[in-house]
Amino acid sequence: MVLKEVYNPHTESAFDQYKTEHASSIADPESYWGQKALENLDWFSPFDAVLQGSFTDGSVAWFVNGKMNACYNAVDRHVDTKGSQVALLWEGDEPGDTKSYTYTQLLARVCQIANAMKAEGVKKGDVVTVYLPMMPEVTMVMLACARIGAVHSVIFAGFSADAIAERIAASQSKWVFTSDEGLRGGKRLPLKNICDNAMNKEICINVVSKCFVFERTGGKCNWSDSRDVKFGALADSQRPYCPCETMDSEDNLFILYTSGSTGRPKGVVHTVGGYCLYAMETCKNSFGLKDGDVFACVADAGWITGHSYIVYGPLLNGVTSFMFESTPMYPDEGRYWDCVERHKINVFYTAPTAIRSLMRFGDTAPNKYDLSSLRVLGTVGEPINPEAWRWYYEVVGREKCSVVDTYWQTETGGHVITNYPGVTPMKPGSCTLPCFGIEAVVLDSQTGKEIEGNDVEGVLAIKQPWPGVTRTCLGDHERYLNVYMKPYPGYYFPGDGCRRDKDGYIWITGRVDDVLNVSGHRIGTAEVESALVAHPSVSQAAVIGFPHDIKGQGICCYCTLTYGHEESEDLVKELRNAVRVAIGPFATPDLIVPTPSLPMTRSGKIMRRILRKIAAGETDTLGDVGTLGDPSVVQKLIDKVETLQ
Ligand code: PRX
């Protein structure tokens with residue numbers, strides 16, 4: 001079948017309604033969001049003002065002086081009407097290893113965990129680090145933190161000890177949750193031991209008071225009687241009710257570290273009221289949620305996608321949230337579709353990289369299963385190439401489901417640009433049109449002026465505050481202003497380039513800064529470079545992304561070696577490992593290119609543009625290399641990369 005430009009499972013009237021509602025949400029955001037906040041959230045006491053502050057000075061606050069609790073809204077308030085409905089449906093690493101918790105059961109267990117945390121001394125405002133595998137407890141701990149007003153800082157369980165230590169130290173987190181081991185694709189991961197390595201590093205000494213350990217496999221792990229607590233047993237002994245802390249709408253709900261173009265990862269801060277409303281509304285609108293839906297976001301809870309669309313979004317909406325511990329390939333490439341059939345999943349949300357890797361195996365696996373429960377298929381994390389989109393739509397969705405391409409980021413709290421199912425005509429590869437409350441504009445990157453009209457290209461910016469926007473970077477408001485607010489004063493700048501096509505649809509063209517997107521994971525080139533130059537053999541490193549069939553982007557590292565170090569296979573292995581140790585296995589470089597020198601301008605600036613072209617194999621469009629200090633280095637690098645690829 002030929003790829004059509006526009007797919008239309010929508011009704012004209014729904015699309016017109018979207019346009020009207022979107023226009024009114026932009027014209028008067030205060031009445032739009034004020035009404036949504038009153039209709040959709042339960043407040044302990046009402047807010048005095050809907051919105052205060054602006055992007056210009058980074059002082060945005062929503063639902064000022066309103067008091068509420070995120071856990072109460074996600075769990076307690078559903079118990080009366082939906083107590084016996086499954087809130088959390090978990091599928092473990094082995095097919096069919098499932099657990100489910102009704103809203104009543106979830107409330108009881110979250111309360112026990114919250115009481116156990118209080119018994120250990122955790123207080124409102126404390127930062128709690130969560131380094132857990134995809135076991136139900138990761139959701140429960142996040143909710144328990146929200147309940148008692150502690151601020152969770154979840155770290156994806158693929159991060160290394162160095163990366164964990166850095167985050168614990170930066171947030172001065174006294175409390176750390178982990179499990180004995182993790183289990184993924186039949187492999188055990190020594191999470192507690194990795195955590196120990198982090199907590200024992202110098203920067204964490206005297207920071208961590210207690211490490212709360214859940215049992216996942218029962219496997220052996222290191223133990224310190226003075227620091228470690230068998231947390232499952234402690235929680236079992238607690239009362240299954242714990243009162244909710246009254247939180248201000250603008251109190252911190254959580255921190256999530258994410259990579260930027262320079263320096264250390266940033267602690268992106270989200271606050272209670274605005275984040276909850278935005279996660280709830282976007283989950284409802286972007287996926288066309290219906291009461292009783294089984295909603296499956298197969299991301300990891302350690303990324304923002306898991307926060308907003310495994311934990312907060314679905315539970316705030318009172319549907320059943322499916323959690324998945326395993327991988328799409330275990331025990332075979334039919335695993336997702338097996339889950340869809342067995343659990344009658346209605347909405348399925350994954351990343352283009354997973355779709356591309358499954359598509360390679362052909363249609364047999366999805367065709368084997370009954371996928372008729374599916375209504376909406378979502379994608380997130382990077383632009384989806386039209387071929388993958390079509391496979392998702394035709395083979396998985398059987399041309400009956402909407403495919404929603406959700407564009408957003410850690411900092412936006414929830415989707416900012418996406419089609420709505422049954423509402424927006426779909427175009428494969430385009431995230432389409434802005435969500436309610438989002439005024440998306442295209443700016444000229446040089447002048448910062450808005451580019452009017454269609455069929456234009458520039459950088460993406462958002463013109464007015466929405467409830468889910470991050471409020472600060474933990475402990476570094478200056479950085480927050482510099483990264484998001486100051487590049488184009490008066491606008492929020494997400495760091496992506498985009499095109500607006502002839503119909504006004506947005507196409508994300510990728511990051512315009514030095515941030516890579518590898519399998520939907522965001523990695524700062526500066527972090528990889530600093531891991532490489534920390535190795536004694538590397539004097540200078542330049543890290544570049546290049547197009548990769550499955551991962552979207554691969555990581556290519558050009559390294560100049562220090563005097564006395566020779567290029568060898570062992571050295572390349574060591575350098576790869578240095579990155580794994582500093583960040584985690586998901587950041588492992590695809591290509592390491594040792595080189596005697598790098599292309600530099602005469603003033604000593606590395607010409608990344610040229611390095612990018614060489615890594616991408618686009619050597620016939622290198623442009624002018626005449627300004628280089630030593631133009632001959634270019635040919636040497638081209639030859640070298642060709643032999644390595
Ligand atoms: O470049 C955009 C890309 O992922 C970045 C955000 O990464 P992160 O904060 O880790 O959040 C990922 C999950 C929301 C964005 O700046 N991105 C995300 N979704 C899309 C996307 N690029 C194109 N299309 C998308 N749907």
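Rules of the game
Here the residue numbers are simple positions, counted from 1 along each chain's written sequence. Predicted model: local features are reported for residues with pLDDT of at least 70 only, side-chain atom pairs are reported and counted for 80 or more only, and whole-chain, interface and lining totals are derived from all residues. The basis for every side-chain value is the complete set of heavy atoms in the structure, and neither hydrogens nor water enter the calculation. Interaxial angle, 0 to 180 degrees, is taken between N-to-C directions of lines fitted to C-alpha atoms, where a helix line uses only the stretch in contact. The secondary structure listing takes helices from DSSP runs of H or I that are at least 4 residues long and strands from runs of E that are at least 2 residues long, numbered from the N terminus. Any angle that is under 35 degrees is reported as roughly parallel, and any over 145 degrees as roughly antiparallel; angles of 65 to 115 degrees are reported as roughly perpendicular and all others as oblique. Crossing chirality is assigned from the near helix's rotation relative to the far helix, an anticlockwise turn below a right angle marking it left-handed and a clockwise turn marking it right-handed. Every residue pair with non-hydrogen atoms within 4.5 Å of one another is taken to be in contact. UniProt positions are given in the numbering used here, feature names are shortened, and annotations may be inferred rather than shown by experiment. For each residue, the test is whether any non-hydrogen atom lies within 4 Å of the molecule or strand; if one does, the residue is near. Here a polar contact is recorded for every N or O atom pair within 3.5 Å, except that within protein the pair must consist of a potential hydrogen donor and a potential acceptor, and residues adjacent in sequence are included only if both atoms are side-chain atoms. Here the Shrake-Rupley method, with its probe set to 1.4 Å, supplies the accessible areas, and only the displayed protein chains count as covering residues. Pairing between strands is defined by DSSP: at least two bridges between them are needed. Relative accessibility under 20% of the residue-type maximum defines a buried residue, over 50% an exposed one, and the middle range a partly exposed one, all with a 1.4 Å probe and only protein chains included. Convention used here: a crossover is right-handed provided that the path from the first strand, over the helix, to the second strand proceeds clockwise when the strands point away from the viewer. Side-chain atoms within 4.5 Å link the members of a nonpolar core, which is a set of buried Ala, Val, Leu, Ile, Met, Phe, Trp, Tyr and Cys residues. When the centres of two rings from Phe, Tyr and Trp lie within 6.5 Å, Trp using its six-membered ring, the rings pair. Their planes under 30 degrees apart give stacked, over 60 give edge-to-face, and anything left gives tilted. Here, over-ring charges are defined by two tests on the NZ atom of lysine or the CZ atom of arginine: distance to the ring centre within 6 Å, and angle to the ring normal within 35 degrees.

**As for the packing of helix α5 (residues 136-148) against helix α10 (residues 304-316)**
- The interhelical angle for the contact between α5 and α10, taken along N-to-C directions, is 60 degrees, at an axis separation of 11 Å. Taken as axis vectors, α5 and α10 run oblique relative to one another. Crossing angle aside, the handedness with which α5 passes α10 is right-handed. For the pair α5 and α10, the contacting residues are Thr139, Met142, Leu143 and Ala146 in the first and His307, Ile310, Val311, Tyr312 and Leu315 in the second.

**A closer look at the UniProt feature "domain: AMP-binding enzyme C-terminal" (unreviewed entry) in the chain**
- As recorded in UniProt, the feature "domain: AMP-binding enzyme C-terminal" (unreviewed entry) lies at residues 527-605.
- Counted over residues 527-605, helix gives 27% and strand 33%. Its end C-alpha atoms are 19 Å apart.

**Regarding the site of the ligand**
- In the vicinity of the ligand there are 17 residues, among which Asp405, Thr410, Asp496, Arg511 and Arg522 approach most closely.
- At 3.5 Å, a side-chain N or O of Asn517 approaches an oxygen atom of the ligand.
- When isolated, the ligand has an accessible area of 540 Å², and the protein chains bury 95% of it.
- Of all the secondary-structure elements, those providing two or more residues to the shell around the ligand are α10, β20 (402-406) and β25 (506-511).

**Quick word on the sheet that holds strand β29 (residues 552-561)**
- Reading across from one edge, β28-β29-β30 is the order of the three strands in this open sheet, with mixed pairing throughout. In this open sheet, the two strands that pair with only one neighbour each are β28 (538-548) and β30 (591-595). Across the sheet, the mean angle separating the axes of adjacent strands is 20 degrees when strand polarity is ignored.
- Bridge count between β29 and β30: five bridges; the pairing is parallel. The residue bridging Cys559 from the neighbouring strand is Pro594, located in β30.
- In this fold helix α16 (residues 525-533) packs onto β28, β29 and β30, with an angle of close to 140 degrees to the strand it touches most, β28.
- In this fold helix α18 (residues 608-616) packs onto β28 and β29, with an angle of close to 55 degrees to the strand it touches most, β28.

**A word on helix α6 (residues 161-171)**
- α6 sits mainly inside the fold: nine of its 11 residues count as buried.
- Each element contacted by the buried residues of α6 is listed here: β6 (127-131), β8 (175-179), α7 (191-199), β14 (252-258) and α17 (569-582).
- Gln172, located one to two residues past α6, shows a positive phi value of around 45 degrees.

**Structural notes on the UniProt feature "domain: Acetyl-coenzyme A synthetase N-terminal" (unreviewed entry) in the chain**
- In the UniProt entry, the feature "domain: Acetyl-coenzyme A synthetase N-terminal" (unreviewed entry) is given for residues 18-74.
- Each end of residues 18-74 is marked by a C-alpha atom, and these two atoms are 27 Å apart; helix forms 47% of the span and strand 18%.

**Re the sheet that holds strand β22 (residues 456-462)**
- Pairing in this open sheet of four strands is antiparallel, and the strands run β21-β22-β24-β25 from one edge to the other. Every other strand in the sheet has two partners, leaving β21 (440-443) and β25 as the edge strands with one partner each. Across the sheet, the axes of successive neighbouring strands diverge by a mean angle of 45 degrees, strand direction being ignored.

**Concerning the pairing of strand β16 (residues 294-297)**
- Here β16 shows two buried faces, one formed by Val294 and Ala296 and the other by Phe295 and Cys297.
- Note that β16 and strand β17 (residues 320-324) share three bridges and pair parallel. By the bridge assignment, Phe295 is partnered in β17 with Ser321.
- Once the chain exits β16 it traverses α10 before rejoining the sheet at β17, and the crossover so formed is right-handed.
- Two elements, β16 and strand β18 (residues 347-350), share three bridges in a ladder whose sense is parallel.

**Considerations on unusual backbone geometry**
- Backbone torsion omega between Tyr330 and Pro331 reads -5 degrees, so that peptide bond is classified as cis.
- Tracing the backbone through its elements, the reader meets Pro331 in the loop between β17 and α11 (335-343).
- One non-glycine residue, Asn65, lies in positive phi territory at about 70 degrees.
- With respect to the helices, strands and loops of the structure, Asn65 is situated in the loop between β2 (61-64) and β3 (67-68).
- You can call Asn65 partly exposed: its relative accessible area is 38%.
- Even without being a glycine, Glu399 presents a positive backbone phi close to 60 degrees.
- Residue position: Glu399 is located in the loop between α14 (386-396) and β20.

**A short note on the environment of Ala542**
- Mapped onto the fold, Ala542 is located in strand β28.
- Distance from Ala542 to Cys556, taken between C-alpha atoms, is 8.4 Å for residues 14 residues apart in sequence.
- Contacts of Ala542, omitting those with residues within four sequence positions, involve Glu529, Cys556, Cys557, Tyr558, Leu598, Ile606 and Leu611.

**Structural notes on the nonpolar core**
- Counting 119 residues, the largest nonpolar core has Leu106, Met117, Leu143, Phe177, Phe231, Phe287 and Tyr312 as its most contacted members.
- Every residue in contact with Phe177, bar those within four places of it in the chain, is listed here: Met117, Val128, Thr129, Val130, Tyr131, Leu132, Val141, Phe212, Phe214 and Phe231.
- Counting residues in each nonpolar core, the second largest holds 41 residues, with Tyr131, Cys195, Leu516 and Val538 among its members.

**Focus: the packing of aromatic side chains**
- The full count for this structure, using the stated rule, is 44 aromatic pairs.
- Between Phe287 and Tyr349, the ring centres sit 4.7 Å apart and the planes meet at 65 degrees, which makes this aromatic pair edge-to-face. Of the two residues, Phe287 sits in the loop between α9 (272-286) and β16 while Tyr349 sits in strand β18, which places them 62 residues apart along the sequence.
- Looking at Phe287, the relative accessible area reads 0%, which means it is buried.
- Its end group placed over the ring of Tyr505, Lys427 keeps NZ or CZ at 4.8 Å from the ring centre.

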